[in-house]
Amino acid sequence: GWDAWAIAQMKVLTAQDRLFPGRDHLHTAVYRYEFEERAEGGPFAALALDRDFAGVVAVAIDGDDLEAARTWCARLARREMPVVAAFTQQRLIMSVLEGAPSAEHEGSAGSTSATHILVLGFVDGDVLAVWRDHVEPLLAEVPVGFASPFLRTIPGTDDYVDEL
């Protein structure tokens with residue numbers, strides 16, 4: 001199925017040196033949309049990628065408590081982060097994270113890993129300032145497995161290459 005095709009394509013892209021050799025692949029999984037929280041006037045999550053947001057904040061909340069995650073996400077949603085969406089992992093495709101099976105292991109497609117809720121918050125304005133002033137202070141309120149801000153790339157430029 002799709003998982004086997006994705007693993008095969010990753011191997012082809014790697015062999016053709018079409019990935020970013022300066023970066024490590026950590027995790028690929030299939031997620032299911034669970035809910036979204038929006039600030040007043042915020043777009044629906046399904047439209048967020050068409051809005052040219054300055055960046056995104058990704059937080060993996062350990063566990064499977066969707067109600068607690070919803071309450072936390074509602075605190076994130078504000079003018080500077082007008083839409084926050086939550087997803088649950090359905091299948092792990094490949095990962096090099098500790099304890100998770102990787103694509104190198106026979107039959108790893110479709111396996112599961114530790115339970116977490118993936119939260120994506122779309123940021124207007126200064127991504128790093130929103131991270132520092134609004135997101136970081138709230139991270140102590142949830143069990144975090146991973147959390148990071150990401151800046152939007154600018155197609156056709158080499159912006160940020162010196163920071164890789």
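1. Looking at unusual backbone geometry
As a rule of thumb, non-glycine residues mostly have phi less than zero, and peptide bonds are mostly trans rather than cis.
Then comes step 1: Its identity as a non-glycine residue notwithstanding, Asp-52 has a phi of 55 degrees, on the positive side.
Then comes step 2: On the basis of relative accessible area, Asp-52 is assigned to the exposed category, the value being 60%.

2. Looking at the side chain of His-116
Then comes step 1: Within the secondary structure, His-116 is located in strand β4 (residues 116–123).
Then comes step 2: Exposure remark for His-116: the relative accessible area of 11% places this residue in the buried category.
Then comes step 3: At 2.8 Å, the side chain of His-116 forms a polar contact with the side chain of Tyr-31.
Then comes step 4: Dropping the residues within four chain positions of it, His-116 is found in contact with His-27, Tyr-31, Ala-60, Ile-61, Asp-62, Gly-63, Phe-87, Thr-88 and Gln-89.

3. With respect to the packing of helix α2 (residues 66–76) against helix α3 (residues 127–139)
Then comes step 1: At their nearest, the axes of α2 and α3 sit 10 Å apart, and the two run at 160 degrees to each other. Judged by the inter-axis angle, α2 sits roughly antiparallel to α3. Of the two elements, α2 crosses α3, and the hand of that crossing is right-handed. For the pair α2 and α3, the contacting residues are Trp-72, Arg-75 and Leu-76 in the first and His-134, Val-135, Leu-138 and Leu-139 in the second.

4. Some thoughts on a negative patch on the surface
Then comes step 1: Together, Asp-158, Asp-159, Asp-162 and Glu-163 give the surface a local cluster of negative charge.
Then comes step 2: Tracing the backbone through its elements, the reader meets Asp-162 in the segment after β5 (144–151).
Then comes step 3: On the accessibility criterion, Asp-162 (68% relative accessible area) is exposed.

5. Side note on the nonpolar core
Then comes step 1: Within the largest apolar cluster, 22 residues are counted, with the highest numbers of intra-cluster contacts made by Ile-61, Trp-72, Leu-76, Met-81 and Val-119.
Then comes step 2: Of all elements in the fold, only β2 (55–62), α2, β3 (83–95), β4 and α3 reach the threshold of two or more residues within this core.
Then comes step 3: Of the residues forming this core, the biggest block, 6 residues, is contributed by α3.
Then comes step 4: Once you skip the residues sitting within four places of it in the chain, Ile-61 turns out to touch Ala-69, Trp-72, Thr-115, His-116, Ile-117, Val-119, Val-142 and Pro-143.
Then comes step 5: One finds Ala-48, Phe-53, Val-56 and Leu-118 within the second-largest nonpolar core, a separate group that totals 9 residues.

6. Concerning the environment of Asp-124
Then comes step 1: The topology assignment puts Asp-124 in the loop between β4 and α3.
Then comes step 2: Residue Asp-124 is classed as partly exposed on the basis of its relative accessible area of 33%.
Then comes step 3: For the pair Asp-124 and Met-81, spaced 43 residues apart in the sequence, the C-alpha separation amounts to 6.1 Å.
Then comes step 4: Ignoring sequence-local partners within four residues, the contact set of Asp-124 consists of Phe-53, Arg-79, Glu-80, Pro-82 and Val-130.

Conventions we followed
- Residues numbered from 1 in each chain as written.
- Predicted model: local features only at pLDDT ≥ 70, side-chain atom pairs only at ≥ 80, totals over all residues.
- Heavy atoms only, no water.
- Buried < 20%, exposed > 50% of the residue type's maximum accessible area, 1.4 Å probe, protein only.
- Helix = DSSP H or I, 4+ residues; strand = E, 2+ residues; numbered from the N terminus.
- Polar contact = N/O pair within 3.5 Å; in protein donor to acceptor, adjacent residues only side chain to side chain.
- Contact = heavy atoms within 4.5 Å.
- Axes fitted to C-alpha atoms, helices over the stretch in contact; angles between N-to-C directions.
- Parallel < 35°, antiparallel > 145°, perpendicular 65-115°, else oblique.
- Left-handed = near helix turned anticlockwise from the far one by under 90°.
- Patch = residues over 30% accessible without salt bridge, like charges linked within 9 Å, V, L, I, M, F, W, Y side chains within 5 Å.
- Areas by Shrake-Rupley, 256 points an atom, 1.4 Å probe, with all protein chains shown as cover.
- Salt bridge = Lys/Arg side-chain N within 4 Å of Asp/Glu carboxyl O.
- Lys, Arg positive; Asp, Glu negative; His and termini not counted.
- Charge placed at Lys NZ, Arg CZ, Asp CG, Glu CD.
- Core = buried A, V, L, I, M, F, W, Y, C linked by side-chain atoms within 4.5 Å.

Purely spatial values, then, with no claim about function.
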